[in-house]
Amino acid sequence: MTYELPDLPYDYDALEPHIDALTMEIHHSKHHNAYTNNLNAAIDANGIPDMPISDLLRNHSDIAGIRNNGGGWWNHCQFWEAMSPDGGGTPSGDLATAIDAAFGSFEEFKAVFQNAGMTQFGSGWAWLGVKDGVLCVCSSPNQDNPLMDGCCSPILGLDVWEHAYYKKYGPGRATYVEAWWNVVDWNEISRRLSDAL
Ligand code: MN3
């Protein structure tokens, strides 16, 4: 199959002022587009048959072109869908219950997740995932993700590459992460939790 660059579910300026329109445009139309094209090229070059993206990442991430670009493709797909101009606030329902059970409170979860993003040296991602029915947090370098080693089922990933924030926030990764909570679509993350359980 040929992977495609998905349309954003909102306009480039929809997440202002938390994430600026120029960053969103470059991130989507240049970075994500490049991962998409390079993933298709890596699949062709390695003669890999059609399979779901989760199987591709689990079975073929020993190939650098698949790992970096397949990870880049999937990570950004979930990232765009995890954000909304109507996002922010606090989770509710089963997601809120699961967060309280695993971390004590939403505020404590945010601190653990934010720490994962802040302590990821260089480029990478912070993840909220489900393992054995319980929520957990981890981070990954580059475009790696938990699908590759199956350490958890990821339901929310935060891009902490400089390309995600440097134009607006400069080296202020912490300020970017603080702002990003205002656009997280907890309804979408609740759906992902039900799918993962
Ligand atoms: Mn990115």
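All residue numbers refer to position in the chain's written sequence, counted from 1. Where totals are concerned, whole chains, interfaces and linings use all residues; where local detail is concerned, this predicted model gives features only for residues with pLDDT of at least 70, and gives and counts side-chain atom pairs only at 80 or more. Side-chain metrics in this entry use all non-hydrogen atoms of the structure; hydrogen atoms and water are not considered.

Turning to the environment of Ser 61, a few remarks are in order. Positionally, Ser 61 belongs in the loop between α2 (53–60) and α3 (64–81). Sequence separation between Ser 61 and Leu 147 is 86 residues, and the spatial gap between their C-alpha atoms is 9.7 Å. Any pair of N or O atoms that falls within 3.5 Å is considered a polar contact. Within protein, one atom must be able to donate a hydrogen and the other to accept it, and sequence-neighbouring residues count only if both atoms are side-chain atoms. A polar contact of 3.0 Å, which involves the side chain of Ser 61, links it to the backbone oxygen of Leu 57. Counting from the N terminus, the helices are DSSP H or I runs at least four residues long and the strands are E runs at least two residues long.

Within the open sheet, the three strands sit side by side as β2-β1-β3. Their pairing is antiparallel. Here the strands that pair on one side only, and so sit at the sheet edges, are β2 (134–141) and β3 (153–159). For this sheet, the mean angle separating the axes of adjacent strands, direction not counted, is 25 degrees. Any two strands with at least two DSSP bridges between them are considered paired. Looking at chain direction, strand β1 (residues 124–131) and β3 are connected through six bridges and run antiparallel. When the bridges of β3 are listed, Trp 125 appears paired with Asp 159. Comment: axis = line fitted to C-alpha atoms, over the contacting stretch for helices; angle = value between 0 and 180 degrees taken between N-to-C directions.

Turning to the coordination of the manganese ion, a few remarks are in order. Note on the manganese ion: its protein donors are His 27 (NE2), His 76 (NE2), Asp 159 (OD) and His 163 (NE2). The metal-donor distances range over 1.9 to 2.1 Å. Counted as donors are N, O and S atoms no farther than 2.8 Å from the metal, or 3.2 Å for Na, K and Ca; water is not among the atoms, and sites may therefore look incomplete. Spacing between the donor residues of the manganese ion along the chain follows H-x48-H-x82-D-x3-H. Of this pair, His 76 sits in helix α3 while His 163 sits in the loop between β3 and α7 (166–169), placing them 87 residues apart in sequence. This pair shows no difference in class: His 76 is buried, exactly as His 163 is. Only protein chains enter the accessibility calculation, which uses a 1.4 Å probe; a residue is then buried when its area is under 20% of its type maximum, exposed when over 50%, and partly exposed in between.

So, on to the packing of aromatic side chains. Note on aromatic contacts: the rings of Phe and Tyr and the six-membered ring of Trp form a pair at centre separations within 6.5 Å, being stacked when their planes are under 30 degrees apart, edge-to-face when over 60 apart, and tilted otherwise. Going through the model one piece at a time under the given rule, you end up with 18 aromatic pairs. Seen from their ring centres, Tyr 165 and Tyr 176 are 4.9 Å apart, and the 20 degrees between their planes marks the pair as stacked. Highlighted residues: Tyr 165 in the loop between β3 and α7 and Tyr 176 in helix α8 (residues 173–180), separated in sequence by 11 residues. One exposure class covers both Tyr 165 and Tyr 176, and it is buried. Here the aromatic cluster, defined as three or more aromatic residues joined through ring pairs, consists of Phe 103, Phe 106, Phe 109, Phe 113, Trp 180, Trp 181 and Trp 186.

Any functional reading would require information beyond the geometric quantities listed.
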